[in-house]
Amino acid sequence: MTLTSADFLPVWPEVLMLSMVCVILVADLFLKDSQRVGTYALSLLTLAGCAVVTAVSSRPDVTFAFRGMFVDDPMSDALKLMVYGVVAAMLVYSRSYVAARGMYRGEFFTLVLFATLGMMVMISANHFLTLYLGLELLSLSMYALVALQRDSAASTEAAMKYFVLGALASGMLLYGISMVYGATGALQIPEVAARITAGKANMTILVLGVVFIVAGLGFKLGAVPFHMWVPDVYHGAPTAVALLISTAPKLAAFAFVIRILVEALGHPAVLAEWRQMLILLAIASMALGNITAIAQTNLKRMLAYSTISHMGFLLLGILSGTVNGYSAAMFYVAVYAVMGLGTFGVILALSREGFEADTLEDFKGLNRRSPWLAFLMLLLMFSMAGVPPTVGFYAKLSVLEAVVDAGYTWLAIVAVAFSLIGAFYYLRLVRLMYFDEPTDTRPIHSDGVARLLLSANGLAALVVGIVPGWLMAVCQRAMQASL
């Protein structure tokens, strides 16, 4: 394959990211523990540089590179910018936390950036093998991050479960991709779609391959019945890593689903097959996630089951099969990333050396200890529950509108019912913060920059909920231009 300069223009953000990771790896060898702020600053600078390059090189049309294996379109640009922002905020929030636990090392920052590179490749992949390459780069980095706190038995156990189940899911996904290749004779996403449209695909093998692909995607999203890893990994992983797992990869997973199910397998004959599977996954995820979360006393496990239920809502937008539904799903995953980022950010703000602040008991009487943090957590919990005027309400409303427009009114009613159930455990945390006596009266000390960013993060849940039109317009333009 002959490469030209045009092939490298769309991948400059990925090239910059990989180059800077190599620089950080080498530079960190010459830094003492007291100089780790240099590695931290370089990591943030790398994310900022990638954001600038992505924004400057963005175009309103679709550009292909490497013989169609890589695509640069408005959807990929928007999602990458969101990923940069989420990962940068995660690094700021977790700085004090990882320093207190001996994780403030070059390995932490390089693994986070390698995971970010995997997300970038997933978002811009236009070929099944490129998709798989990005997925594995992300997954392997995540396995190592979960186990980075080597002295913690819980982290090691969580990493082992994550790795074993992740390997099984990757195997199912790869097996499904091989079946799609056997049925169509193509691996490039537009070519797969063209051969299905032209009637040149073996539909029996194709549908069987779709079953395996949906199973693999269900695992990556944490949807029922492929959710087994989510509570254990959230609970066992260091809180900073749990924050990363719960937010940015969901943006990449959304792109992954759109590339495979919508762009490659979006033909009406195939759409009808995976839509039925997604309906089952969505209902099961909303049911199990919301009901099981009620019984949790550990906040990270509660948020894990909350994530499962939110992924059910995300699948509702995708199974609608319309551009409005895909736009609503993109808006929903972006909003969820902001809400998850802020919620885990508050947990990190309350944590200190030897104390995780990850149980409901730890949040009792938070309003008396820190009224501002309690108010931010209240906004985030209201948003996750879908209480107006927070942005979570508009996100759920846009998904439900898309589902109703697609003719699934009964499914929207089911989703509303499970949302009402889910509101209980979110509001329970608010009650603990405002009406119970605190179990810990020690003052809360947090990094000034992290506190300022956390304030903006929490207020965004309210402000964007009052004026959500601009973000929804960004998602609609991205989906309309890319599909």
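Placed above this text is the structure.
About the criteria used
- Residues numbered from 1 in each chain as written.
- Predicted model: local features only at pLDDT ≥ 70, side-chain atom pairs only at ≥ 80, totals over all residues.
- Heavy atoms only, no water.
- Phe/Tyr/Trp six-rings, centres within 6.5 Å; stacked < 30°, edge-to-face > 60°.
- Helix = DSSP H or I, 4+ residues; strand = E, 2+ residues; numbered from the N terminus.
- Buried < 20%, exposed > 50% of the residue type's maximum accessible area, 1.4 Å probe, protein only.
- Axes fitted to C-alpha atoms, helices over the stretch in contact; angles between N-to-C directions.
- Parallel < 35°, antiparallel > 145°, perpendicular 65-115°, else oblique.
- Left-handed = near helix turned anticlockwise from the far one by under 90°.
- Contact = heavy atoms within 4.5 Å.
- Nonpolar A, V, L, I, M, F, W, Y, C, P; charged D, E, K, R; others polar.
- Polar contact = N/O pair within 3.5 Å; in protein donor to acceptor, adjacent residues only side chain to side chain.

1. Some details on the packing of aromatic side chains
Taken as a whole and judged by the stated rule, the model has 14 aromatic pairs. Their ring planes at 80° and their centres at 5.6 Å tell us that Phe-331 and Tyr-394 sit as a pair that is edge-to-face. Pair noted here: Phe-331 is in helix α15 (residues 323-350) and Tyr-394 is in helix α18 (residues 391-405), with a separation of 63 residues, a long-range link. Overall, the relative accessible area of 0% leaves Phe-331 in the buried class.

2. Overview of the packing of helix α9 (residues 203-221) against helix α13 (residues 268-293)
At a closest axis distance of 10 Å, the pairing of α9 and α13 adopts a crossing angle of 30°. With respect to α13, the element α9 is oriented roughly parallel. Helix-helix and strand crossings are classified by hand; for α9 and α13 the assignment is right-handed. The segment α9 lies against α13, with Met-203, Leu-206, Val-207, Val-210, Val-211 and Val-214 engaging Ala-269, Val-270, Glu-273, Trp-274, Met-277, Leu-278 and Leu-281. When its residues are assigned to classes, the contact of α9 with α13 shows 12 nonpolar, no polar and one charged.

3. Details of the side chain of Thr-46
Relative to the elements of secondary structure, Thr-46 occurs in helix α3 (residues 37-57). Classification of Thr-46 by relative accessible area gives buried; the value is 1%. Leave out the neighbours within four places in its chain, and Thr-46 touches Met-17, Met-20 and Ile-24.

4. Focus on the side chain of Arg-259
When you line up the elements, Arg-259 lands in helix α12 (residues 248-264). Reaching out from Arg-259, the side chain makes a polar contact with the side chain of Asp-73 at a distance of 3.0 Å. Residue contacts for Arg-259: discarding those within four places in its chain leaves Val-71, Asp-73, Met-75, Ser-76, Ile-123, Ser-124, Ala-125, Leu-131, Ile-189 and Ala-264.

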